[in-house]
Amino acid sequence: MKQISGGVTAPKGFKAWGVHCGVKANKQDKKDLAIILSEQECTAAATYTMNRVKAAPIYITMNHLEDGTAWGVVANSGNANACCPQSHENAELMSEYAAKATGRSPSDFVVASTGVIGQTINISAIERGMPEAAKGLSAGPEGSDAAARAIMTTDTCKKELALTCTVGGKTVTLGAIAKGSGMIHPNMGTMLCFITTDCAITQKMLSEALQETVPKTFNRVTVDGDTSTNDMCVVLANGMAENPLIEWKDDSYTVFQKALRQLCEYLARCIAGDGEGASRLITCTVHAARSEESAERLAKAVVGSPLVKAAMFGTDANWGRVLCAMGYSKAPFRPEYVDVKFASAVGEVLVCRQGMGVDFDEEMAKSILSQDEVIIDICLHEGEHEATCWGCDLTYDYVKINGDYRT
């Protein structure tokens with residue numbers, strides 16, 4: 001795999017752009033409308049939030065992707081278009097405006113929204129801004145950059161990546177943009193993530209690759225224990241790389257799926273590290289477990305624990321909170337076998353052996369926990385399986401951001 005620039009515009013045949021249209025009425029310097037468009041029809045696959053309450057764009061996208069194809073994506077930030085009057089009509093109007101501005105059909109577009117729940121979206125602003133967004137469509141890196149910034153809400157940085165790999169003797173490219181900072185918890189599709197690729201692959205294989213990837217990447221992220229009403233992850237493949245069509249789970253499929261997982265894992269880490277108010281990324285790896293499922297459940301419990309997250313913020317090597325979180329995870333393990341280490345770029349320190357505390361250098365531990373990424377390494381000594389989950393610390397700023405998010 002080779003990392004390149006260009007995000008969603010890196011694969012052949014994709015253009016993107018983003019503008020400020022007025023959904024974020026009081027933030028003239030913030031883009032709030034994005035569009036991605038392919039030169040050719042794409043096979044398409046998606047995963048969606050598992051929240052029982054789903055925003056209107058989720059249902060519209062589900063309907064538009066019933067035939068397994070799409071040409072592009074239209075998305076806004078600043079308003080979730082969820083649980084409000086005319087939400088379904090307005091989500092349909094977004095696709096109609098995008099279609100009119102690009103010469104496509106409404107059903108050719110994935111529709112997505114993110115922002116405040118329960119407030120009617122300013123659809124007139126989107127109607128006015130769509131021609132400008134379509135006119136600006138660019139195949140260059142600036143197009144992906146503009147689209148990535150247009151889907152940001154409380155994100156402090158854009159989330160974007162592109163990779164190349166070789167499939168059937170041809171260079172295949174995957175690109176993506178994502179957003180996510182708060183209201184992020186496992187058991188969902190993801191926050192918002194739009195993936196483009198010029199790989200030639202059937203819809204069935206594309207869908208299976210996404211379904212295999214999301215549970216081990218985006219579904220292993222937790223910021224605050226909340227799952228949004230609007231989460232979705234969509235991948236569009238236009239086949240312009242002209243590689244032999246991937247129809248089976250052969251070597252070509254394996255290469256593509258590996259690249260997709262690498263792309264999604266990178267973005268998952270970005271989202272976790274940019275959690276609302278976060279000062280550091282927390283990575284928890286549980287290994288030597290009885291099963292991957294139990295390892296994942298344990299790791300999720302640890303990175304999701306408010307007490308663990310608070311301890312990480314305070315650079316307090318309070319390893320007892322790690323075992324406590326493991327204990328209520330409902331995953332099977334033997335506490336008396338557990339070893340725990342804290343690690344980061346400056347070193348590592350063993351804080352627990354066989355379920356009991358050990359003497360360790362508190363100053364060294366504090367230095368380790370002060371880094372941008374902290375790793376909680378847990379060894380169960382019970383099997384051959386492992387899993388990694390990602391989260392962030394819990395800071396004062398999280399409450400500040402969410403205390404008046406709507407007003």
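Use the structure listed above.
Residues numbered from 1 in each chain as written. Predicted model: local features only at pLDDT ≥ 70, side-chain atom pairs only at ≥ 80, totals over all residues. Heavy atoms only, no water.

A. Structural detail: a negative patch on the surface. Judged by side-chain charge, Asp316, Asp361, Glu362 and Glu363 come together as a negatively charged surface patch. Along the chain, Glu362 falls in helix α10 (residues 362-369). (Patch = residues over 30% accessible without salt bridge, like charges linked within 9 Å, V, L, I, M, F, W, Y side chains within 5 Å. Areas by Shrake-Rupley, 256 points an atom, 1.4 Å probe, with all protein chains shown as cover. Salt bridge = Lys/Arg side-chain N within 4 Å of Asp/Glu carboxyl O. Lys, Arg positive; Asp, Glu negative; His and termini not counted. Charge placed at Lys NZ, Arg CZ, Asp CG, Glu CD. Helix = DSSP H or I, 4+ residues; strand = E, 2+ residues; numbered from the N terminus.)

B. Examining the side chain of Asn238 more closely. Within the fold, Asn238 resides in the loop between β9 (232-237) and α6 (251-273). For Asn238, a relative accessible area of 5% puts it in the buried group. Within the structure, Asn238 has its side chain in polar contact with the side chain of Ser38 (distance 3.3 Å). At 3.0 Å, the side chain of Asn238 and the backbone nitrogen of Met240 are in polar contact. Filtering out sequence-adjacent residues up to four positions away, Asn238 remains in contact with Lys12, Gly13, Phe14, Ser38, Gln40, Glu41, Cys42, Thr197, Asp198 and Cys199. (Buried < 20%, exposed > 50% of the residue type's maximum accessible area, 1.4 Å probe, protein only. Polar contact = N/O pair within 3.5 Å; in protein donor to acceptor, adjacent residues only side chain to side chain. Contact = heavy atoms within 4.5 Å.)

C. Expanded view of the pattern of salt bridges. Counted according to the given criterion, the structure contains 18 salt bridges. For Arg104, the salt bridge goes to Asp108, with nearest N and O atoms at 3.2 Å. Judged by relative accessible area, Arg104 falls into the partly exposed class, the value being 30%. The exposure class of Asp108 is buried, given its relative accessible area of 11%. Linking Glu212 and Lys249 is a salt bridge whose minimum nitrogen-to-oxygen distance equals 2.7 Å. One end of the pair, Glu212, is in helix α5 (residues 203-213); the other, Lys249, is in the loop between β9 and α6, and 37 residues separate them in sequence. With relative accessibility at 30%, the residue Glu212 sits in the partly exposed group. Connected through shared salt-bridge partners, Lys216, Arg220, Glu292, Glu296 and Lys300 make up one network.

D. Representation of the sheet that holds strand β11 (residues 339-344) in the model. Strand order in the open sheet formed by 6 strands is β13-β12-β11-β14-β10-β15, and the pairing between neighbours is mixed. At either margin of the open sheet sits one strand with a lone partner, and together these are β13 (356-357) and β15 (385-392). The pairing of β11 with strand β14 (residues 373-379) spans 5 bridges and is classified as antiparallel. In the strand pairing of β14, Lys341 is matched with Asp377. Contacts from helix α7 (residues 292-304) reach β10 (281-289), β14 and β15, with the element oriented near 20 degrees to β15. (Pairing = 2+ DSSP bridges. Axes fitted to C-alpha atoms, helices over the stretch in contact; angles between N-to-C directions.)

E. Fine view of the pairing of strand β8 (residues 192-197). Burial analysis of β8 places 6 of its 6 residues in the buried class, which makes it a mostly covered element. Alternating positions in β8 separate into two faces, Leu192, Phe194 and Thr196 on one and Cys193, Ile195 and Thr197 on the other, with burial throughout. Pairing analysis gives 6 bridges linking strand β7 (residues 170-179) to β8, with the strands arranged antiparallel. By the bridge assignment for β8, Leu174 is matched with Thr197. By the bridge criterion, 6 bridges tie β8 to β9 in an arrangement that is parallel. When the sheet's bridge partners are listed, Thr197 is paired in β9 with Ala237.

F. Geometry of the packing of aromatic side chains. Taken as a whole, this structure holds 0 aromatic pairs when the rule is applied. Residue placement shows Arg104 over the ring face of Trp71; its charged tip is 3.6 Å from the ring centre. Across the ring face of Tyr337, the terminal group of Arg334 is positioned such that the distance to the ring centre comes to 4.7 Å. (Phe/Tyr/Trp six-rings, centres within 6.5 Å; stacked < 30°, edge-to-face > 60°. Lys NZ or Arg CZ within 6 Å of the ring centre and 35° of its normal.)

G. Fine view of the environment of Arg290. Relative to the helices and strands, Arg290 resides in the loop between β10 and α7. A sequence separation of 47 residues divides Arg290 from Asn243, and the C-alpha atoms of the two residues are 40 Å apart. When residues no more than four places from it in sequence are discounted, the contact partners of Arg290 are Pro332, Phe333, Arg334, Glu382, Gly383 and His385. A polar contact is formed between the side chain of Arg290 and the side chain of Glu382, at a distance of 2.9 Å.

H. The nonpolar core, seen in detail. In terms of nonpolar packing, the biggest core is built from 38 residues, with Leu174, Ile195, Ile201, Phe218, Ile246 and Phe256 touching the most fellow members. Mapped by element, the contributors of at least two residues to this core are β6 (159-167), β7, β8, α5, β9 and α6. With 35 residues, the next largest nonpolar core counts Ala295, Ala331, Val340 and Ile368 among its residues. (Core = buried A, V, L, I, M, F, W, Y, C linked by side-chain atoms within 4.5 Å.)

I. Focus on the packing of helix α1 (residues 56-64) against helix α2 (residues 87-102). Two numbers describe how α1 lies on α2: the axes approach to 8 Å, and their chain directions differ by 55 degrees. Comparing their axes, α2 and α1 come out oblique. Handedness of the α1/α2 crossing: right-handed. Between α1 and α2, the residues in contact are Ala56, Pro57, Tyr59, Ile60 and His64 and Ser87, His88, Ala91, Glu92 and Ser95, respectively. Here the contact of α1 with α2 is built from residues that sort into 5 nonpolar, 4 polar and 1 charged. (Parallel < 35°, antiparallel > 145°, perpendicular 65-115°, else oblique. Left-handed = near helix turned anticlockwise from the far one by under 90°. Nonpolar A, V, L, I, M, F, W, Y, C, P; charged D, E, K, R; others polar.)

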